[in-house]
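Chain by chain, the residues run as shown.
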Amino acid sequence: MSETELVLRSTRVITPEGTRAATVAVARGTITAVLPYDAPVPEGARLEDFGDDVLLPGLVDTHVHVNDPGRTEWEGFWTATRAAAAGGITTLVDMPLNSLPPTTTVDHLRVKQDVARPKAHIDVGFWGGALPDNVKDLRPLHEAGVFGFKAFLSPSGVDEFPHLDQEQLARSLAEIAGFGGLLIVHAEDPHHLAAAPQQGGPKYAHFLASRPRDAEDTAIAALVAQARRLDARVHILHLSSGDALPLIRAARAEGVRVTVETCPHYLTLTAEEVPDGASEFKCCPPIREAANQDLLWQALADGTIDCVVTDHSPSTADLKTDDFATAWGGISGLQLSLAAVWTAARERGHSLADVVRWMSTRTSELAGLDRKGAIEAGRDADFAVLAPDETFTVDPAALQHRNRVTAYAGRTLSGVVKSTWLRGTRIYADGEFTDPQGQLLTRTP
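Here the structure is a predicted model, which is why all the values come from computation and not from measurement.

Here helix α4 (residues 166–178) crosses helix α7 (residues 213–230) at 40°, and the two axes come no closer than 10 Å. Accordingly, the angle class assigned to the pair α4 and α7 is oblique. Judged by the twist between their axes, the crossing of α4 over α7 is right-handed. In this structure, α4 contributes Gln166, Leu169, Ala170, Leu173, Ala174 and Ala177 to the contact, and α7 contributes Ala222, Leu223, Gln226, Ala227, Arg229 and Leu230. The residue inventory of the contact of α4 with α7, partitioned by class, reads 9 nonpolar, 2 polar and 1 charged.

Printed below as a string of structure tokens:
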């Protein structure tokens, strides 16, 4: 303890062993000990006492579209990482699209890293992309430190990131399995989407019918079959269809290496409440009915769904037209994800420790970030300080996102982030930010 520089104290600290009153010692950006609440403060160390506010590990969001460079007017590393910090997120992993260039070669990765480095308020890592024509680039990207590879099984919405057909999926997955990598997949079947009614216009019911559950279910079944055949590791992105859960449970029971995420908007918003023309609620796959949402919560509770991530996918406001067929599909959620999930979770009898498991521990495990995701010795001193019983009403003007369009506008949420800490430095408190302190992360070999 003689080297301790900082001591954080709270009556409620969420640790792997449970929530308890504790004192957390920090030296050189690392947690060195989790001690009893009344442990003495070493001489020369600074004490931060948070009273009854909850000290939890900084959240890790492994599904974020920063869009920088190339579509920086949609978002950007400066604004996205500020929004994340304000929401208690201390690490994000950036998707390989919708930036220009996409992260599909090592050269493109270097471009994105150079852009991100001076702007990152939190730690940032990168996914690579698997395209029909870049199998040769997958191993070099893996060796350059990407955390895995994103693929679409249906059109992505941007021309520079085409989807994989089943033959291309098999080829990419075999290559990735050969070096022990991870493929993360947007699983919707293009044939089922093409066969669905495509009416367009402002009615949400028409949009929902255009992205049926069976498109997800069919694509997931095909992905699981490929993973089983190749003994490959795969991850299902932004699951919205509760109908796919029995298939996933069965696959896991037989040893298929498949993990699953869902998103705050699927857990907190329902199709029944989406107003016609309100394309701030548009995402793909779509927000579904309340009964389907209940299935997702049950799967979180029993561990079928591993983690919760934002799929933060913003655009400029003009692309959010009142025609659901042509409006950009994506929901901005970085700053609000913790509060949104906690608000719904507590109503269903879950604890903050559950939320930490879904949004920090398991996301860290997914990406192999073994220094993140828990308050224990040897981990980075990344924290969020939360007043879980305080509420606020979402005001778009108060968001740090570049484009302040949100499906949560006007909603009252529980859980106010008082401060956010990165490697022992307070990077956000009471609406104020430090200069960028984030580091660029690469996969641990």
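Having seen the structure, we can now continue with the description.
Before going further, it helps to examine the packing of aromatic side chains. Summed over the entire model, instances satisfying the criterion amount to 10 aromatic pairs. Ring centres 5.9 Å apart and planes at 70° place the aromatic pair Trp297 and Trp358 in the edge-to-face group. Here Trp297, found in helix α10 (residues 290–302), pairs with Trp358, found in helix α12 (residues 352–367); they are 61 residues apart in sequence, far enough to count as distant. With respect to burial, Trp297 and Trp358 carry one shared label: buried. Ring centres 5.0 Å apart and planes at 50° place the aromatic pair Tyr428 and Phe433 in the tilted group. Phe433 carries the same exposure label as Tyr428, and that label is buried. Here the aromatic cluster, defined as three or more aromatic residues joined through ring pairs, consists of Tyr204, Phe207 and Phe324. We note Arg9 situated over the ring of Tyr37; from NZ or CZ to the ring centre the distance is 5.6 Å. It is Arg71 that lies over the ring of Trp74; its NZ or CZ is 5.3 Å from the centre.

Now for the sheet that holds strand β12 (residues 233–236). Pairing between sheet strands relies on hydrogen bonds along the backbone, with the strands arranged either parallel or antiparallel. A sheet is described by the order of its strands in space; here 6 strands give the open sequence β9-β10-β11-β12-β13-β14, paired in parallel fashion. In this open sheet, the two strands that pair with only one neighbour each are β9 (128–129) and β14 (307–308). For β9 and strand β10 (residues 149–152), the ladder comprises 2 bridges, and the chain directions are parallel. Within the sheet, the bridge partner assigned to Gly129 lies in β10 and is Lys150.

The next point concerns the nonpolar core. By size, the foremost hydrophobic cluster in this structure holds 102 residues, and its most contacted members are Phe149, Leu183, Leu239, Val355 and Trp358. The biggest single contributor to this core is helix α11 (residues 337–347), with 7 residues. Not counting the four nearest positions on each side in its chain, Phe149 is found in contact with Trp127, Gly128, Gly129, Ala130, Leu138, Leu141, His142, Ile176, Phe179, Leu182, Leu183 and Ile184. Of all hydrophobic cores here, the second largest spans 14 residues; its members include Phe50, Leu55, Val385 and Trp421.

With that settled, consider helix α3 (residues 135–143). Among the residues of α3, those classed as buried are Val135, Asp137, Leu138, Leu141 and His142. Within α3, the buried residues cover an arc of 140° as seen down the axis, which keeps them to one side. Exposed residues on α3 whose side chains face more than 90 degrees from its buried face are Lys136 and Glu143. Close packing links the buried residues of α3 with α2 (106–116), β9, β10 and α4. Two residues or fewer past α3, Gly145 is found with a positive phi of approximately 110°.

A few words on the state of the cysteines. Two cysteines form a disulfide when their sulfur atoms are joined by a covalent bond. Per the counting criterion, the structure on display carries 0 disulfides. Sulfur of Cys263: no disulfide; nearest cysteine sulfur belongs to Cys283 and is 7.5 Å away. Of the residues examined, Cys263 reaches a relative accessible area of 0% and is grouped as buried. In this structure Cys284 is a free cysteine whose sulfur lies 6.8 Å from that of Cys283, the closest cysteine sulfur available.

On to the sheet that holds strand β6 (residues 59–64), then. Taken together, the 3 strands give an open sheet; going across it, the order is β6-β7-β8, and neighbouring strands pair in parallel fashion. Each edge of the open sheet is held by one strand with a lone partner, namely β6 and β8 (123–126). Pairs of neighbouring strands in the sheet enclose a mean axial angle of 20°, with direction left out of account. Pairing between β6 and strand β7 (residues 89–94): 4 bridges, direction parallel. The residue of β7 that forms the bridge with Val60 is Thr91.

Cut-offs used in this document
Residues numbered from 1 in each chain as written. Predicted model: local features only at pLDDT ≥ 70, side-chain atom pairs only at ≥ 80, totals over all residues. Heavy atoms only, no water. Axes fitted to C-alpha atoms, helices over the stretch in contact; angles between N-to-C directions. Helix = DSSP H or I, 4+ residues; strand = E, 2+ residues; numbered from the N terminus. Parallel < 35°, antiparallel > 145°, perpendicular 65-115°, else oblique. Left-handed = near helix turned anticlockwise from the far one by under 90°. Contact = heavy atoms within 4.5 Å. Nonpolar A, V, L, I, M, F, W, Y, C, P; charged D, E, K, R; others polar. Phe/Tyr/Trp six-rings, centres within 6.5 Å; stacked < 30°, edge-to-face > 60°. Buried < 20%, exposed > 50% of the residue type's maximum accessible area, 1.4 Å probe, protein only. Lys NZ or Arg CZ within 6 Å of the ring centre and 35° of its normal. Pairing = 2+ DSSP bridges. Core = buried A, V, L, I, M, F, W, Y, C linked by side-chain atoms within 4.5 Å. Arc of directions from axis to C-beta. Disulfide = S-S within 2.5 Å.

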